[in-house]
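Each chain is listed here by its residues.
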Amino acid sequence: MAEVEERIGRIKNHKGVKGLLIVDENGKFLRSTMPSNNNDTAPKQYAQKVTELAKKARSVVRDIDPMNDLTFFRVRSKRQEILVAPDKNLFLIVIQTPYEEGE
């Protein structure tokens, strides 16, 4: 368990990382480093929506090649970047602020 905590800490401390979520296949977050209070639904929204997207992306990959599987994907907008590493029953989701190479 200490190894998991160490890896979470390393990811969390990267430049631009706003939060990290570990989510089950139903979109329920099991672990979050994002600040959450009763009024802030962002972690829950990320968990649900990104899990849906990951399942669809996995389905597309398998439709193209049934012997293949989704290993990682990234969605980038002007304001943020979402990195997803799916496992069998879990998803690791990292939300970060994108930055240019020169920064």
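Within each chain, residues carry numbers counting from 1 in the order of the written sequence. In keeping with the model being predicted, local features are shown solely for residues with a pLDDT of at least 70 and side-chain atom pairs are shown and tallied solely at 80 or more, while totals for entire chains, interfaces and linings include all residues. Note that water and hydrogens are dropped before the side-chain values are worked out from all heavy atoms of the structure.

Per an unreviewed UniProt entry, the chain carries the name Dynein light chain roadblock and comes from Halteria grandinella. UniProt positions are given in the numbering used here, feature names are shortened, and annotations may be inferred rather than shown by experiment. Regarding the chain, the UniProt comment filed under Sequence similarities (unreviewed entry) reads as follows: "Belongs to the GAMAD family." Word for word, the UniProt comment on the chain under Subcellular location (unreviewed entry) is "Cytoplasm, Cytoskeleton".

1. Digging into the nonpolar core
Buried together is how nonpolar side chains tend to be arranged in soluble globular proteins. To define a nonpolar core, start from buried Ala, Val, Leu, Ile, Met, Phe, Trp, Tyr and Cys residues and group those joined through side-chain atoms within 4.5 Å. Exposure categories follow from relative accessible area, calculated using a 1.4 Å probe and restricted to protein chains: below 20% of the type maximum is buried, above 50% is exposed, and the middle band is partly exposed. With 15 residues, the main nonpolar core has Leu21, Tyr46, Ile82, Val84, Ile93 and Ile95 as its most contacted residues. Strands here mean DSSP runs of E at least two residues long; helices mean DSSP runs of H or I at least four residues long; both are numbered from the N terminus. Of all the secondary structure elements, the ones that give two or more residues to this core are β1 (17–24), α2 (42–64), β4 (81–86) and β5 (90–96). Looking at this core, the element that brings in the most residues is α2, giving five residues. In this structure Leu21 touches Phe29, Arg31, Ser32, Met34, Pro43, Tyr46, Ala47, Phe91, Leu92, Ile93 and Ile95, once residues within four positions along its chain are discounted. Note on definitions: a residue-residue contact is assigned when non-hydrogen atoms from the two residues lie within 4.5 Å.

2. Here we look at the sheet that holds β5
Here five strands make up an open sheet; going across it, the order is β2-β1-β5-β4-β3 and the pairing antiparallel. The open sheet has two free edges, formed respectively by β2 (29–32) and β3 (73–76), since each of these has just one partner strand. Neighbour-to-neighbour, the strand axes of this sheet turn through a mean angle of 20 degrees, independent of strand direction. Strands were regarded as paired on the criterion that DSSP finds at least two bridges between them. Two elements, β1 and β2, share three bridges in a ladder whose sense is antiparallel. Within the sheet, the bridge partner assigned to Leu21 lies in β2 and is Ser32. Lying over the sheet, helix α1 (residues 2–12) contacts β1, β2 and β5, oriented at roughly 140 degrees with respect to β1. Lines fitted to C-alpha atoms define the axes here, with helix axes fitted over just the stretch in contact, and angles between the N-to-C directions of these axes take values from 0 to 180 degrees.

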